[in-house]
Amino acid sequence: MPETEAGAIIVISSHVVRGTVGNRAAVFALESLGYPVWALPTVILPWHPGHGLSTRVTIGADDFSCMIDDLIASPWIGEVRAVLSGYLGAPHQVEGVARLVEALKQRNAEVFYACDPVIGDAGGLYVPEATAVAIRDRLLPLANLATPNRFELAWLCGGAALETNTAILEAALSLGPSRMLVTSAIAMMAGGTGNLYLTGNHALLAEHRLIENPPNGTGDLLAAVFLARILEGLNDERALQMATASVFEVIARTARRGADELTLEQDVSSLSTPMAMVQMRRLMHPGQIRRR
């Protein structure tokens, strides 16, 4: 895919020295699929905190704001086609991302913003509540696409547990972005897991076999690959099928190798031409249910 067709993507998330989470996963995936990437770190760590304690460097308010200003004023800003934000280390970073997205959209209304609200999982929030609130109130209203996991969606919508796909769909519809991709949805196939995607027209579920205890970074990877497929111009169902297949294939191959990080460098073909089987289902859209 030529750069003139792809357009650049600004990715704003965490950076680890060792591993494939945050920007390390998203940048690799997007560049492998032909997109030039501008990568802005929010925090820098030797490795994912799940591997043990390590030094954490958060990009401070003044430095982060100045870098955002530089990007907005950049002579190359016209190259940017999309922004993907992931893990944000503090509320001031949320405001910086919002300023950047607003400036880009003011310059070009077609700029696509994907917000991966990385705030927690089934164990609870792992960012300060002020950061989670800022993401909900400041970034989600700007987003063309949001990619929360099921816990994050529940928290963002008020905290009630989402135990059915109908509940997930209703929560996704209430959150605001016109496209919602929810990971860890309720699978209909035994021993499976799913990604549930909602737009104004479609409610789609992509299912695959559940692999226990996958390495970290799968959400970062899915958000990046799905964004790439949407920008490529694939229809919703095909984009969801291919992105889900890519991530499942990478997880499965990583598990077979016994690795503690996603083995992206060995699985580039899984990103470009995934072969894994994914079960696709069309669900009843909440709007159809309400019209009955």
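First things first, this report covers the structure right here in the doc. Everything numeric here is computed off the predicted structure, so don't read it as measured data. (Residues numbered from 1 in each chain as written. Predicted model: local features only at pLDDT ≥ 70, side-chain atom pairs only at ≥ 80, totals over all residues. Heavy atoms only, no water.)

### So, empty space enclosed by the protein
Inference 1: The final tally for this structure, using the stated rule, is one cavity of 30 Å³ or more.
Inference 2: Counted as a void, the largest cavity has a volume near 50 Å³.
Inference 3: Residue lining of the largest cavity: Val11, Ile12, Ser13, Gly22, Ala26, Leu84, Ser85, Gly86, Asp116, Asp220 and Ala223, and that is the complete set.
Inference 4: Contributions of two or more residues to the lining of the largest cavity are made by β1 (8-16), β4 (80-85) and α8 (218-232).
Inference 5: Residue contributions to the lining of the largest cavity peak at three residues, all from β1.
Inference 6: Residue composition of the lining of the largest cavity, by class: five nonpolar, four polar and two charged. (1 Å grid on protein atoms, 1.4 Å probe; cavity = no way out; pocket = protein on both sides within 12 Å on 5 of 7 lines; lining within 4 Å. Points joined across faces, edges and corners; volume = space filled by probe spheres on them. Helix = DSSP H or I, 4+ residues; strand = E, 2+ residues; numbered from the N terminus. Nonpolar A, V, L, I, M, F, W, Y, C, P; charged D, E, K, R; others polar.)

### Looking at the nonpolar core
Inference 1: Residues Ile10, Ile12, Val97, Leu104, Tyr113, Leu139 and Leu153 are the most contacted members of the largest nonpolar core, which totals 56 residues.
Inference 2: Among the elements that line this core, the one with the most residues is helix α4 (residues 91-107), at six residues.
Inference 3: When sequence neighbours within four positions are dropped, the list of residues in contact with leucine 104 reads Ile10, Ile77, Val80, Val83 and Val111.
Inference 4: Counting 46 residues, the second largest nonpolar core, distinct from the first, contains Tyr35, Ala243, Phe248 and Val250. (Core = buried A, V, L, I, M, F, W, Y, C linked by side-chain atoms within 4.5 Å. Buried < 20%, exposed > 50% of the residue type's maximum accessible area, 1.4 Å probe, protein only. Contact = heavy atoms within 4.5 Å.)

### Here's the deal with the sheet that holds strand β9 (residues 179-185)
Inference 1: The ten strands are arranged β3-β2-β1-β4-β5-β8-β9-β10-β11-β12 in an open sheet whose pairing can be described as mixed. The sheet is open, and its two edges are formed by β3 (57-58) and β12 (279-282), each paired on a single side.
Inference 2: Bridging between β1 and β4 involves five bridges; their strand directions are parallel. The residue bridging alanine 8 from the neighbouring strand is valine 80, located in β4.
Inference 3: Its contacts with the sheet place helix α2 (residues 23-32) against β1, β2 (37-45) and β4, and it is angled at close to 150° to β1. (Pairing = 2+ DSSP bridges. Axes fitted to C-alpha atoms, helices over the stretch in contact; angles between N-to-C directions.)

### What to know about the packing of α4 against helix α5 (residues 129-139)
Inference 1: Orientation of α4 relative to α5, taken along the N-to-C sense of each, is 15°, at an axis distance of 8 Å. In terms of axis orientation, α4 runs roughly parallel to α5. Our pair here, α4 against α5, has a crossing hand that is right-handed. Contact residues: α4 offers Pro91, Val94, Glu95, Val97, Ala98 and Glu102, while α5 offers Ala130, Thr131, Ala134, Ile135, Arg138 and Leu139.
Inference 2: Among the residues forming the contact of α4 with α5, the class breakdown is eight nonpolar, one polar and three charged. (Parallel < 35°, antiparallel > 145°, perpendicular 65-115°, else oblique. Left-handed = near helix turned anticlockwise from the far one by under 90°.)

### A word on the side chain of serine 14
Inference 1: Structurally, serine 14 is set in strand β1.
Inference 2: Residue serine 14 is classed as buried on the basis of its relative accessible area of 8%.
Inference 3: Setting aside residues up to four positions removed in sequence, serine 14 forms contacts with Val21, Gly22, Asn23, Arg24, Thr42, Val43 and Tyr87.

No statement about biological role is implied by the geometric values presented.
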